[in-house]
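# Structure at a glance
Residues per chain are reported as follows:
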Amino acid sequence: MKRLFHFFYFLIVALWLAGCAAVERSPQAEAALGELPASYRGELPCADCAGIRYQISLFPDGVYTLSSVYLGDDDGRRFHEQGEWSLDASGETLTLAGGDAGPRQWRVVEGADSLEMLDLEGNAIDSSLNYRVQRTGQFVSETLEDSYWKLIELGGEPVDVAEGAREPHLVFHGERGRLAGFGGCNRLTGEYRREGDGLSIGTVASTRMACVPGNDLEPRFLAMLEHVAGYRVRADRLELLDAEGEVIARFEVRHLT
């Protein structure tokens with residue numbers, strides 16, 4: 001009898017928790033953010049620099065990206081994170097979970113026109129300084145074509161480039177349907193075809209420079225391009241997908257001046 005009681009007790013608790021989770025991701029709560037995707041930008045205070053420029057992008061599938069740039073910093077510190085967002089049942093507190101520092105919380109204010117950063121306990125920051133980012137007039141996202149995409153992850157592993165070395169990258173030239181880039185050792189050229197979210201890359205030719213022995217980045221890069229079947233742009237990140245929809249490479253946009 002006692003075991004039966006415990007069974008029903010834990011069953012009730014599990015159902016209650018599931019109900020709470022359903023409320024937190026309910027359409028009513030998410031409607032508090034308005035039309036998605038949406039972008040928020042702003043410069044927030046910094047203890048040891050001139051300020052931190054934030055850009056938050058929220059996507060309708062529950063994914064977010066957050067970029068932060070430390071202003072006036074000699075090191076030019078830049079950080080990027082991606083994870084999942086959620087709202088509490090009231091639709092007033094936005095939680096971003098996925099960064100190394102743990103979940104971040106923001107308060108939805110002014111009819112979702114602004115997000116206000118909260119402290120680590122989820123409370124308002126007691127300061128006269130501005131801790132809000134403002135919603136942009138339209139969603140801010142890069143485009144696949146005519147952008148410089150730096151390779152940052154290949155086959156689930158980060159791509160590190162030695163200081164001063166040329167970085168592997170791709171550029172999709174929209175008008176000509178031509179692909180150009182650098183594989184880590186040689187220049188790359190080829191053709192591509194895009195239909196909606198579908199993407200296919202034809203035969204890629206490369207120059208024949210001698211590569212550093214033991215460096216297998218370029219062969220892996222070229223092999224990956226043969227399996228590309230789709231793509232997804234999330235703000236300033238490009239994800240290349242295979243036929244099963246799995247991410248096989250990630251890139252970060254670089255604005256060249």
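## So, the overall build of the protein chain
Along its length, the protein chain carries three helices and 18 strands. Looking at the 257 residues of the protein chain, the share that counts as buried comes to 39%. Here the protein chain has roughly 15,400 Å² of accessible surface; of this, 51% comes from carbon and sulfur atoms.

## Considerations on the state of the cysteines
All chains considered together, the criterion is met by one disulfide. Two residues, Cys46 and Cys49, share a disulfide whose sulfurs are 2.2 Å apart. Between Cys46 and Cys49 the sulfur-sulfur dihedral comes to about 125 degrees; the bridge is accordingly right-handed. When its relative accessible area of 17% is taken as the criterion, Cys46 is described as buried.

## What about the side chain of Asn186?
Counting through the fold element by element, Asn186 comes out in the loop between β12 (178-182) and β13 (187-195). Engagement of the side chain of Asn186 in a polar contact is seen with the backbone nitrogen of Arg208, the distance being 3.2 Å. Of the polar contacts made by the side chain of Asn186, one reaches the backbone nitrogen of Met209; its length is 2.5 Å. Those residues in contact with Asn186 that sit more than four places away from it in its chain are Gly181, Ser206, Thr207, Arg208, Met209, Cys211 and Glu218.

## Looking at helix α3 (residues 217-225)
Leu217, Glu218, Phe221, Met224 and Leu225 are the residues of α3 that are buried. Down the axis of α3, the sector holding all buried residues measures 125 degrees, keeping them to one side.

## Let's talk about the environment of Leu144
Locating Leu144 in the fold gives a position in the loop between β8 (132-135) and β9 (148-154). Residue class for Leu144 comes out buried when judged on its relative accessible area of 5%. Taking the C-alpha atoms as reference points, Leu144 and Tyr231, separated by 87 residues in sequence, lie 8.4 Å from one another. Beyond its immediate sequence surroundings of up to four residues, Leu144 is in contact with Trp149, Phe172, Arg194, Leu199, Tyr231, Val233 and Leu238.

## Some thoughts on the sheet that holds strand β6 (residues 104-109)
Pairing in this closed barrel of eight strands is antiparallel, and the strands run β1-β2-β3-β4-β5-β6-β7-β8 around the ring. Neighbour to neighbour, the strand axes of the sheet diverge by 30 degrees on average, direction disregarded. Bridge analysis of strand β5 (residues 93-97) against β6 gives four bridges, and the strand direction is antiparallel. Directly across from Thr95, in β6, lies its bridge partner Gln105.

Definitions and cut-offs
Residues numbered from 1 in each chain as written. Predicted model: local features only at pLDDT ≥ 70, side-chain atom pairs only at ≥ 80, totals over all residues. Heavy atoms only, no water. Helix = DSSP H or I, 4+ residues; strand = E, 2+ residues; numbered from the N terminus. Buried < 20%, exposed > 50% of the residue type's maximum accessible area, 1.4 Å probe, protein only. Areas by Shrake-Rupley, 256 points an atom, 1.4 Å probe, with all protein chains shown as cover. Disulfide = S-S within 2.5 Å. Polar contact = N/O pair within 3.5 Å; in protein donor to acceptor, adjacent residues only side chain to side chain. Contact = heavy atoms within 4.5 Å. Arc of directions from axis to C-beta. Pairing = 2+ DSSP bridges. Axes fitted to C-alpha atoms, helices over the stretch in contact; angles between N-to-C directions.

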